[in-house]
Amino acid sequence: MICREQDEAFVMVKQHEHGKVAGELAKWFKEEHVPEEGRREEVLRAVSNHDRGWIDLDETPFWNDAEGAPYSFIDFPVVPKLTFYTRGLDEIEADTAYGALLCSLHFERLIETSGEACPELTAYQEAEAERRSRIHRELEQSRPIGEDELYYDARLLQFSDDLSLYMALNEPGSPKSEEHPWWTDGFSGSEDFSFTSGRKISAEWQDERTLLLDPFPFTKSFEIAYSQRRVLKSAVAEKGIASAYRETPEEVCRIVLKERPE
């Protein structure tokens, strides 16, 4: 679950909902200098489904007593999280082996930056290293993977994931000074796209409905819509997080992505 705290409520977005937003972002991403070996349809499915391992888990949120808030993907216990990572990757591989390779690399990067360590994590990393080696061997027999192709696709997944998270974790319309600290210096890795000329892509709210990006990474301005729930803290105190979440109706958040004017 992705959670953003307000004075009177928790705004909660399901991980797979966020993943579908990431897939929509990748769909409209500029295709300048894309490697010739591109597997576009597989990549888009992988980006859209990279967090599908959380689908069942997000049906019933859990309460974190230590934080006084619902567990989110940030603080969810590592051992069960790895179980759902593996489940999601297995499902992605059943659809696209290349997509599973891409998502496995993505999770490996997230784990390395988290600083977590435990025997179960080591076992997970070893199993995923074997998965990636196996997929490489299998694809070498039919359609070899180019290094430039994999690097580009990994950056696309990273950026689409980051921008989707940015929209969910930041209050729409909030000033730059209140931005989530992960992206105060722009989106890491986005400077590697050729059209940025070595600059990181950055985002800033124009108002509650409009997000401005520079350099602009898409082929056109467009609207993103996704579902969220605004769970009142009073309802959580009265009924518990599971019942409060279940009884809170979904609402649609709509955000227009535009190029920042000069």
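Here, the structure is the one placed above.
Residues numbered from 1 in each chain as written. Predicted model: local features only at pLDDT ≥ 70, side-chain atom pairs only at ≥ 80, totals over all residues. Heavy atoms only, no water.

Q: Residue-level account of helix 3 (residues 78-95), with values.
A: Under the 1.5 Å per step criterion, the end-to-end length of helix 3 is 26 Å for 18 residues, consistent within 8% with the ideal 26 Å. Of all the positions in helix 3, only Val78, Lys81, Leu82, Phe84, Tyr85, Gly88, Leu89, Ile92 and Glu93 are classed as buried. (Helix = DSSP H or I, 4+ residues; strand = E, 2+ residues; numbered from the N terminus. Expected span 1.5 Å × (residues − 1). Buried < 20%, exposed > 50% of the residue type's maximum accessible area, 1.4 Å probe, protein only.)

Q: Outline the packing of helix 1 (residues 15-27) against helix 6 (residues 147-169), listing residues and values.
A: The packing of two helices is summarised by the inter-axis angle and the distance between the axes. Where helix 1 contacts helix 6, the axes come no closer than 8 Å and their chain directions differ by 125°. Taken as axis vectors, helix 1 and helix 6 run oblique relative to one another. Where helix 1 crosses over helix 6, the handedness of that crossing is right-handed. Facing helix 1, whose interface residues are His18, Val21, Ala22, Leu25 and Ala26, helix 6 presents Leu156, Ser160, Asp161, Leu163, Ser164, Leu165 and Met167. For the contact of helix 1 with helix 6, the residue count by class is eight nonpolar, three polar and one charged. (Axes fitted to C-alpha atoms, helices over the stretch in contact; angles between N-to-C directions. Parallel < 35°, antiparallel > 145°, perpendicular 65-115°, else oblique. Left-handed = near helix turned anticlockwise from the far one by under 90°. Contact = heavy atoms within 4.5 Å. Nonpolar A, V, L, I, M, F, W, Y, C, P; charged D, E, K, R; others polar.)

Q: Lay out the pairing of strand 2 (residues 9-13) in plain terms, naming residues and giving numbers.
A: Most of strand 2 sits inside the fold, with five of its five residues counted as buried. Of the two faces of strand 2, the one carrying Ala9, Val11 and Val13 and the one carrying Phe10 and Met12 are both buried. Where strand 1 (residues 2-5) lies against strand 2, four bridges are found, and the strand directions are antiparallel. Opposite cysteine 3, over in strand 2, you have methionine 12 as the bridge partner. Linkage of strand 1 to strand 2, two consecutive antiparallel strands, is achieved through a turn of three residues. The pairing of strand 2 with strand 7 (residues 222-232) spans four bridges and is classified as antiparallel. Of the residues in strand 7, the one forming a bridge with alanine 9 is leucine 232. (Pairing = 2+ DSSP bridges.)

Q: I'd love a proper account of the pairing of strand 5 (residues 202-207), names of residues and values included.
A: As paired strands, strand 5 and strand 6 (residues 210-214) are joined by five bridges and run antiparallel to one another. For serine 202, the partnering residue across the bridge sits in strand 6 and is aspartate 214. Hairpin connection between strand 5 and strand 6: a loop of two residues separates the two successive antiparallel strands.

Q: Hey, could you go over the packing of aromatic side chains for me, with residue numbers and the actual values?
A: On inspection of all chains with the given rule, the structure shows 24 aromatic pairs. Ring centres of tryptophan 28 and phenylalanine 222 lie 6.1 Å apart, and the angle between their planes is 35°; on these two criteria the pair is classed as tilted. Here tryptophan 28, found in the loop between helix 1 and helix 2 (40-49), pairs with phenylalanine 222, found in strand 7; they are 194 residues apart in sequence, far enough to count as distant. Look at tryptophan 28 and you get partly exposed, because its relative accessible area is 22%. A relative accessible area of 7% means that phenylalanine 222 is categorised as buried. Their ring planes at 90° and their centres at 5.1 Å tell us that phenylalanine 218 and phenylalanine 222 sit as a pair that is edge-to-face. Each member of the pair, phenylalanine 218 as well as phenylalanine 222, carries the same accessibility label: buried. (Phe/Tyr/Trp six-rings, centres within 6.5 Å; stacked < 30°, edge-to-face > 60°.)

Q: Explain the sheet that holds strand 5 residue by residue, including any values.
A: In spatial order, the strands read 1-2-7-8-6-5; together these six strands make up an open sheet with mixed pairing. Both outer strands of the open sheet, strand 1 and strand 5, are each paired with one neighbouring strand and no more. Along the sheet, successive strands turn relative to each other by an average axial angle of 35°, direction set aside. Here helix 1 sits on the sheet and contacts strand 1, strand 2, strand 7 and strand 8 (251-259); the angle it forms with strand 7, its principal contact strand, is near 165°. Contacting strand 1, strand 2, strand 5, strand 6, strand 7 and strand 8, helix 6 crosses the sheet at an angle of about 35° to strand 1.

Q: If you had to explain the side chain of arginine 155 to someone new, which residues and values would you point to?
A: Within the secondary structure, arginine 155 is located in helix 6. Salt bridges are absent for the buried arginine 155, whose nearest opposite-charge side chain, aspartate 192, sits at 4.5 Å. Setting aside its immediate chain neighbours within four residues, arginine 155 contacts Arg109, Gly189, Asp192 and Phe193. (Lys, Arg positive; Asp, Glu negative; His and termini not counted. Salt bridge = Lys/Arg side-chain N within 4 Å of Asp/Glu carboxyl O.)

Q: Residue-level account of the environment of proline 61, with values.
A: By the secondary structure assignment, proline 61 is in the loop between helix 2 and strand 3 (63-64). Under the relative-accessibility criterion, proline 61 is labelled buried at 5%. In sequence terms proline 61 and glutamate 126 are 65 residues apart; their C-alpha atoms lie 29 Å from each other. Excluding residues within four positions of it along the chain, proline 61 makes contact with Met1, Met12, Ile241 and Tyr245.

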